[in-house]
Amino acid sequence: MARSKAVALDEVSKGIIEQLQEDGRRSYAEIGKAVGLSEAAVRQRVQKLTDAGVMQVVAVTDPMQLGFYRQAMIGIRVTGDTTRVAEALGAIPAVDYVVLTAGSFDILAEVVCESDEDLIELLNHRIRAIQGVASTETFVYLKLQKQFYNWGTR
């Protein structure tokens with residue numbers, strides 16, 4: 001997959017994104033006041049930005065409070081086609097993040113599991129069973145110190 005070309009955004013669209021990064025529940029009327037547009041115009045711009053894949057508006061949860069007591073980042077070394085392995089990882093429901101990397105790992109995959117037993121099952125029977133996975137190294141999360149998505153726009 002080729003790198004996506006950056007979408008050129010005007011200052012108003014950037015302002016809308018930044019407003020939603022601060023509070024995804026902020027009303028279109030409130031955003032409109034902040035960026036100088038009507039509620040309807042904000043709604044239309046948000047729809048265009050989501051349709052174009054520029055942004056998503058989602059609920060970010062605390063996995064522990066939902067019964068997912070084990071999170072981990074898994075470093076994966078691959079023989080062969082890394083994109084094929086990444087696609088297979090992406091199809092596993094417990095995998096919430098997959099990125100191809102340069103360095104000692106070919107892929108990093110974040111997983112969210114209910115227990116250590118579920119993590120072992122996932123590693124042994126799902127991830128290591130993917131053709132092309134040469135080795136894995138698991139980094140178990142002890143504490144989520146920071147998780148924010150409000151880095152703004154450029």
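All residue numbers refer to positions counted from 1 along the written sequence of the respective chain. For a predicted model such as this one, the threshold for reporting local features is a pLDDT of at least 70, and the threshold for listing and counting side-chain atom pairs is 80 or more; totals across whole chains, interfaces and linings nevertheless cover every residue. The basis for every side-chain value is the complete set of heavy atoms in the structure, and neither hydrogens nor water enter the calculation.

## Things to note about the packing of helix α1 (residues 11–22) against helix α3 (residues 39–51)
- Lines fitted to C-alpha atoms define the axes, with helix axes restricted to the stretch in contact, and inter-axis angles between N-to-C directions lie between 0 and 180 degrees. Secondary structure elements follow DSSP: runs of H or I no shorter than four residues count as helices, runs of E no shorter than two count as strands, and numbering proceeds from the N terminus. Orientation of α1 relative to α3, taken along the N-to-C sense of each, is 85°, at an axis distance of 11 Å. If you check the angle between α1 and α3, you find them roughly perpendicular. For the pair α1 and α3, contact is made by V12, S13, I16, I17 and L20 and by V42, R45, V46 and L49, respectively.
- Each residue belonging to the contact of α1 with α3 can be placed in one class, and the counts come to 7 nonpolar, 1 polar and 1 charged. Put simply, angles under 35 degrees are roughly parallel, angles over 145 are roughly antiparallel, angles from 65 to 115 are roughly perpendicular, and the rest are oblique. Here, two residues are considered to be in contact whenever any of their heavy atoms come within 4.5 Å of each other. Side-chain classes follow a simple rule in which Ala, Val, Leu, Ile, Met, Phe, Trp, Tyr, Cys and Pro form the nonpolar group, Asp, Glu, Lys and Arg form the charged group, and the remainder, Gly included, forms the polar group.

## Remarks on the packing of aromatic side chains
- Only Phe, Tyr and Trp rings take part, Trp by its six-membered ring, and two of them pair if their centres are within 6.5 Å. Stacked means planes under 30 degrees apart, edge-to-face means over 60, and tilted covers everything else. Taken as a whole, this structure holds 1 aromatic pair when the rule is applied.
- Ring centres of F105 and F139 lie 6.1 Å apart, and the angle between their planes is 90°; this geometry places the pair in the edge-to-face category. Note that F105 is positioned in the loop between β2 (95–100) and β3 (107–113) and F139 in strand β4 (residues 133–140), a separation of 34 residues in sequence.
- By relative accessible area, which is 11% here, F105 ends up buried. Under the scheme applied here, a residue whose accessible area is under 20% of the maximum for its type counts as buried, over 50% as exposed, and between as partly exposed, the area being computed with a 1.4 Å probe on protein chains only.

## A word on helix α5 (residues 116–127)
- Every buried residue of α5 is accounted for by L119, L122, L123 and I127. Around the axis of α5, the buried residues are gathered within 90° of arc, so they sit on the same side. Exposed side chains of α5 directed beyond 90 degrees from the buried face belong to E117 and H125.
- Residues of α5 that are buried sit in contact with β1 (70–78), α4 (82–90), β3 and β4. This arc is built from the directions going out from the helix axis to the C-beta atoms.

## What to know about the pattern of salt bridges
- Put simply, a salt bridge is a Lys or Arg side-chain nitrogen that is within 4 Å of an Asp or Glu carboxyl oxygen. Taken as a whole and assessed by the stated rule, the structure comprises 7 salt bridges.
- A salt bridge links E30 to R26; the nearest nitrogen and oxygen atoms lie 3.5 Å apart.
- Take R26: its relative accessible area is 17%, and that puts it in the buried class.
- Of the charged contacts in the structure, one is a salt bridge between E39 and R43, with a shortest N-O distance of 3.2 Å. Here R43 and E39 lie together in helix α3, a separation of 4 residues that amounts to about one turn.
- On the basis of relative accessible area, E39 is assigned to the partly exposed category, the value being 39%.
- Given a relative accessible area of 42%, R43 falls into the partly exposed group.

## Comments concerning the sheet that holds β1
- The 4 strands lie next to each other as β2-β3-β1-β4, forming an open sheet whose pairing is antiparallel. The open sheet terminates on both sides in strands that have one partner only, identified here as β2 and β4. Across the sheet, the mean angle separating the axes of adjacent strands is 20° when strand polarity is ignored.
- For two strands to count as paired, DSSP must find a minimum of two bridges between them. Pairing between β2 and β3: 5 bridges, direction antiparallel. Within β3, the residue paired with L100 across the bridge is I107.
- Against the sheet, α4 contacts β1, β2, β3 and β4, and its axis sits at roughly 170° relative to β2.

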